[in-house]
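Coordinates in review
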Amino acid sequence: MKKRILVSGGAGYIGSHVTVELLEAGYEVVVADNMSNCDRSGFEGVRQITGKEDIPFVEMDFCDAAAVERLFDEYRIDAVIHFAAFKAVGESVAEPIKYYRNNLTSLLNVLEAARSHGGCNILFSSSATVYGEAAELPVTEQSPRLPATSPYGNTKQICEDMLRDTVASDRSIRGIALRYFNPIGAHPSALIGELPRGVPNNLVPYITQTAIGKRSCLSIFGNDYPTPDGTCLRDYIDIVDLARAHVAAVTRMVEGRMKEDYEIFNVGTGRPVSVLELVSAFEQVNGLKLNYRFADRRPGDVVAIWADTSLANRELGWTARRTLAETLASAWAWEKHLAGR
Ligand code: UD1
């Protein structure tokens, strides 16, 4: 019997790409989303890419405990990939209660439903933000987690702990936390991608919106950092590579190949890229000039972070494959697709 994966937040940016890769790997998928930060186009794109018209979709809020229980009653679930969460760092500072309520309650409801249904495998969508400004680079999974600098970052740490402690107390539940570095780009079909609401906070959507003329000028936040060109260093991971890491992790869980009942993996490329390098690569790959200026540092930014990916490479049998050029071409193709629809 095919294994069935529940993808909470499955209509969003990462969730839609993961759903495609799961279906292409032969899994059955149930997509659930409250559509609070996306529209139907992500799910429609998944159907188009995979040619599957009958993917179960449930519009529901994971903060509704009874609805989560009903979902587990209705479907036999072999693993949950839990994306449903808010993710804007600045908004979390302004509205912490909203972030704590949504991000913690939704995971609690998944954990409770997993317990009341005889156990489950749970993959949690975490972030490199848990490492803060790391003293040693690249960061390994053993690098210390530093105090979070935003309520958003704190919810990631607390959710990791909620999963770890639940796994420790209940042998029927296993968990993996994937710590993403900076996911960017879009599916090569350009049918799914990131859909930022309003002014983008993240670099790549801001770049593509500037290139298409929706924004007049990209501000590069800080050019006096202690890095080779003065701009921050990040580990930009292609969204399809990131999605493939989820398939590898879920397969490890459902095939019973985990070495511990709770495991953590960094998901990045292991390659630091500066903001200026990213901008130049985008210009070169797509044959255009970007209007940008240097601006003040953005409060809360870390200077540099990139991943040691050797654990994920070895244990998940996964490595990032797409080049930065391919990824930046896909981001631009997606922006042009959006402009044309
Ligand atoms: C942030 C979050 C991270 C989250 C990720 C995806 C923190 C500290 N970081 O990562 O947890 O997973 O978003 O939502 O919580 N930049 C510019 N101009 C812009 C936008 C960004 O110069 O208009 C620069 C930033 O200063 C930074 C780099 O680009 O150096 C990447 O920024 P961004 O895409 O926002 O990601 P992070 O802040 O690294």
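It should be noted that the structure appears before, not after, this text.
Residues numbered from 1 in each chain as written. Predicted model: local features only at pLDDT ≥ 70, side-chain atom pairs only at ≥ 80, totals over all residues. Heavy atoms only, no water.

This next bit is on the overall build of the chain. In terms of regular secondary structure, the chain is built from 11 helices and 13 strands. Relative to a compact globule of 341 residues, whose C-alpha radius of gyration would be 20 Å, the chain shows 19 Å and is just as compact. Counting only C-alpha atoms, the chain reaches 55 × 45 × 40 Å along its principal axes. Buried residues in the chain amount to 58% of all 341 residues. Within the chain, contacts between residues separated by at least 24 positions form 80% of all contacts whose residues are at least 6 apart in sequence. Approximately 14,400 Å² of the chain is accessible, and the part contributed by carbon and sulfur atoms is 49%. With 36 positive and 43 negative side-chain charges, the chain shows a separation of 2 Å between the mean positions of the two kinds. (Helix = DSSP H or I, 4+ residues; strand = E, 2+ residues; numbered from the N terminus. Rg over C-alpha atoms; globule rule 2.2 N^0.38 Å. Buried < 20%, exposed > 50% of the residue type's maximum accessible area, 1.4 Å probe, protein only. Contact = heavy atoms within 4.5 Å. Areas by Shrake-Rupley, 256 points an atom, 1.4 Å probe, with all protein chains shown as cover. Lys, Arg positive; Asp, Glu negative; His and termini not counted. Charge placed at Lys NZ, Arg CZ, Asp CG, Glu CD.)

Strands sit in the order 3-2-1-4-5-6-11 across an open sheet of seven strands; the sheet is parallel. The strands lining the two open edges of the sheet, one partner per strand, are strand 3 (57-59) and strand 11 (262-267). Neighbour to neighbour, the strand axes of the sheet diverge by 20° on average, direction disregarded. Judged from the eight bridges that link them, strand 5 (residues 120-127) and strand 6 (residues 173-180) form a sheet pairing that is parallel. Residue pairing in the sheet places Ser-125 in a bridge with Leu-178 of strand 6. (Pairing = 2+ DSSP bridges. Axes fitted to C-alpha atoms, helices over the stretch in contact; angles between N-to-C directions.)

What follows deals with the side chain of Arg-47. Tracing the sequence through the fold places Arg-47 in helix 2 (residues 41-50). Of the polar contacts made by the side chain of Arg-47, one reaches the side chain of Glu-53; its length is 2.9 Å. The residues touching Arg-47, leaving out its near neighbours within four places in the chain, are Lys-52, Glu-53 and Ile-55. (Polar contact = N/O pair within 3.5 Å; in protein donor to acceptor, adjacent residues only side chain to side chain.)

We now examine the packing of aromatic side chains. Overall, the coordinates contain five aromatic pairs when judged by the stated rule. Residues Tyr-292 and Phe-294 carry aromatic rings whose centres are separated by 6.0 Å and whose planes lie at 75° to one another, so their mutual orientation is edge-to-face. Of the residues examined, Tyr-292 reaches a relative accessible area of 33% and is grouped as partly exposed. Over the face of the ring belonging to Phe-86 we find Lys-98, whose NZ or CZ atom lies 5.0 Å from the ring centre. Positioned over the ring face of Tyr-225 is Arg-297, at 4.0 Å from the centre of the ring. (Phe/Tyr/Trp six-rings, centres within 6.5 Å; stacked < 30°, edge-to-face > 60°. Lys NZ or Arg CZ within 6 Å of the ring centre and 35° of its normal.)

Packing of helix 3 (residues 65-74) against helix 5 (residues 96-116) brings their axes to within 9 Å, and their N-to-C directions diverge by 40°. As summarised for this structure, helix 3 and helix 5 are arranged oblique, according to the angle between their axes. Crossing hand, helix 3 versus helix 5: right-handed. Of the residues in helix 5, those in contact with Ala-65, Val-68, Glu-69 and Phe-72 of helix 3 are Asn-109, Val-110, Glu-112, Ala-113, Ala-114 and Ser-116. (Parallel < 35°, antiparallel > 145°, perpendicular 65-115°, else oblique. Left-handed = near helix turned anticlockwise from the far one by under 90°.)

Moving on: the site of the ligand. In the region of the ligand, 19 residues are neighbours, and Leu-203, Ser-219, Arg-234, Arg-298 and Asp-301 sit closest. Here Phe-221 contributes a backbone N or O atom positioned 2.9 Å from an oxygen atom of the ligand. Mapped onto the shell around the ligand, the elements with two or more residues apiece are helix 7 (203-212) and strand 8 (218-221). Here the shell around the ligand takes four residues from strand 8, the largest share from any one element. (Near = heavy atom within 4 Å.)

Moving on: the pattern of salt bridges. Evaluation of the coordinates by the stated rule reveals 24 salt bridges. In this structure, Arg-4 and Glu-28 form a salt bridge, with 3.2 Å as the shortest nitrogen-oxygen distance. In this pair, Arg-4 is assigned in strand 1 (residues 4-8) and Glu-28 in strand 2 (residues 28-33), connecting sequence segments 24 residues apart. Two residues, Arg-244 and Asp-241, come together in a salt bridge whose shortest N-O distance is 2.5 Å. On the criterion of helical spacing, the pair formed by Arg-244 and Asp-241 is a turn pair, its members being three residues apart in helix 8 (residues 239-254). Its relative accessible area of 16% is what places Arg-244 among the buried residues. Shared partners join several salt bridges into a network, and the residues in it are Arg-145, Glu-160, Asp-161, Arg-164, Asp-165 and Arg-179. (Salt bridge = Lys/Arg side-chain N within 4 Å of Asp/Glu carboxyl O.)

Moving on, we come to the packing of helix 1 (residues 13-24) against helix 2. Orientation of helix 1 relative to helix 2, taken along the N-to-C sense of each, is 25°, at an axis distance of 9 Å. For the element pair helix 1 / helix 2, the angle class is roughly parallel. Considering how the two elements wind past one another, helix 1 and helix 2 form a crossing that is right-handed. Residues Ser-16, Thr-19, Val-20, Leu-23 and Glu-24 of helix 1 form the contact with helix 2, whose participating residues are Gly-42, Val-46, Ile-49 and Thr-50. Per-class residue counts for the contact of helix 1 with helix 2 are four nonpolar, four polar and one charged. (Nonpolar A, V, L, I, M, F, W, Y, C, P; charged D, E, K, R; others polar.)

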